[in-house]
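# Examining the three-dimensional arrangement
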Amino acid sequence: MKAACTAAERDHGVTLIEKRDRLGGQVLLNRLIPGRQEMVTAVQDLINNLKNLDVEILLGQEADIQLVKEMAPDAVVIATGAKPVMPDLPGIEGDNVVQAWDLLEGKARVGKKVVVIGGNAVGLETALYLCQLGTLSPEVFHFLVVHRAEPIESLLELLNKGDKEVTVVEMASKLGQDIGPSSRWTVRSELKRLGCTIQKNTRAIGITSEGLEIESADGPGFIPADSIVIAAGSTSDNKLTSDLEGLFPELHTIGDAKAPRNALDAIREGFFAGLEI
Ligand SMILES: Cc1cc2nc3c(=O)[nH]c(=O)nc-3n(C[C@H](O)[C@H](O)[C@H](O)COP(=O)(O)OP(=O)(O)OC[C@H]3O[C@@H](n4cnc5c(N)ncnc54)[C@H](O)[C@@H]3O)c2cc1C
């Protein structure tokens, strides 16, 4: 979107192709994460900019080599993003396994006991989303306080305890390395407040219908769980780059399609690609 805006502002004729029925990519996955909803306003801001510019937007259209050849552009910007990684674990195909991306998109559900595999940004933020499910909403809290319906101790318990039991399993010794230091602290303290269990230095080695098999310094172990959520990182979706290489005078691969990072990198690279064309 940023590349399209910048190129259109420089009077290029721009077509933006998106295979889904809405613009926004992964950033929209922040919608359900507590404290992250404002990321979505960055997407809305770009959509508003596009509306004021002469950019043709094709939604629900997958760009492939044939379509791009037919359009015969002078320049192509590839911003096809990333896909979540599915680790090669026994049991990964089970019905009790869901991708964090699907959960955050509202396309998947989990049971009461949940193990999240992966303690970087997506894993911790997915755990945060799960942990706050069933806690008191500000509206209900307000109602109960105003009507003195519950003692303050019960209200505090209801604020701090959701209806899921969540464990995060991370094989490294540090958590949230891809979260900025100030947000990392907030996410970790919120997870602690909500009673999330975190097991570092712990490797997931297999999934059964009963839970997750693990290996740690204490040896093999097992965490009983109804659902296993996969948050094991993402990999660039850049097939189009190799398909289109050498076919057009200018080809720019930007954002997560170049290397999975964050939204600010993607927007900055979009701006510079739009300037270079
Ligand atoms: C849960 C989660 C939370 C995150 N939180 C943050 C955060 O707080 N801060 C931050 O900076 N970053 C965050 N990130 C990372 C950030 O969202 C990504 O780095 C950023 O969205 C990458 O932007 P992009 O445009 O390169 O790719 P994407 O956002 O992946 O967008 C790629 C788009 O291309 C479309 N597409 C793919 N192939 C085709 C094709 N062939 N034809 C047409 N369309 C196609 C896809 O449908 C998608 O809409 C988060 C990521 C996740 C998963």
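The numbers attached to residues start from 1 for each chain and follow its sequence in the written order. The predicted origin of the model limits local features to residues at a pLDDT of at least 70 and limits the giving and counting of side-chain atom pairs to 80 or more, whereas totals for whole chains, interfaces and linings rest on all residues.

### Observations concerning the site of the ligand
By definition, a residue lies near a molecule or strand provided its backbone-derived C-beta atom is within 6 Å of it. By nearness alone, 31 residues border the ligand, and G25, G81, G255, N262 and A266 come closest of all. At three residues, helix α10 (residues 263-276) tops the list of elements feeding residues into the shell around the ligand. Here the shell around the ligand spans two domains, and each of domain 1 (2-83 + 235-276) and domain 2 (86-230) adds at least three residues to it. For helices the rule is a DSSP run of H or I covering at least 4 residues; for strands it is a run of E covering at least 2, with both sets numbered from the N terminus onward. In this document the domain limits rely on a domain assignment from an automatic tool or a database.

### Observations concerning the packing of helix α1 (residues 2-9) against α10
Helix axes are fitted to C-alpha atoms over the stretch in contact, other axes to C-alpha atoms as well, and angles between N-to-C directions run from 0 to 180 degrees. Running from N to C, α1 and α10 cross one another at 30°; their axes reach a closest spacing of 7 Å. Here α1 is positioned roughly parallel relative to α10, judged by the angle of their axes. The handedness of the crossing between α1 and α10 is right-handed. Contacts between α1 and α10 involve K2, A3, C5, T6 and A7 from the first element and I267, G270, F271, A273, G274 and L275 from the second. When the residues that make up the contact of α1 with α10 are grouped by side-chain class, the tally is seven nonpolar, three polar and one charged. Just so you know how the angles are binned, under 35 degrees is roughly parallel, over 145 roughly antiparallel, 65 to 115 roughly perpendicular, and the rest oblique. Left-handed describes a crossing whose near helix is turned anticlockwise from the far helix through less than a right angle; right-handed describes the clockwise counterpart. Whether two residues are in contact is decided by their C-beta atoms, placed from the backbone, lying within 7 Å. Here the term charged refers only to Asp, Glu, Lys and Arg, the term nonpolar to Ala, Val, Leu, Ile, Met, Phe, Trp, Tyr, Cys and Pro, and the term polar to all other amino acids, Gly among them.

### Examining the domain arrangement of the protein
For the protein, the domain assignment lists domain 1 (2-83 + 235-276) and domain 2 (86-230). Relative placement of domain 1 and domain 2: their C-alpha centres are 32 Å apart. For the side of domain 1 that touches domain 2, a count of residues per class yields four nonpolar, no polar and one charged.

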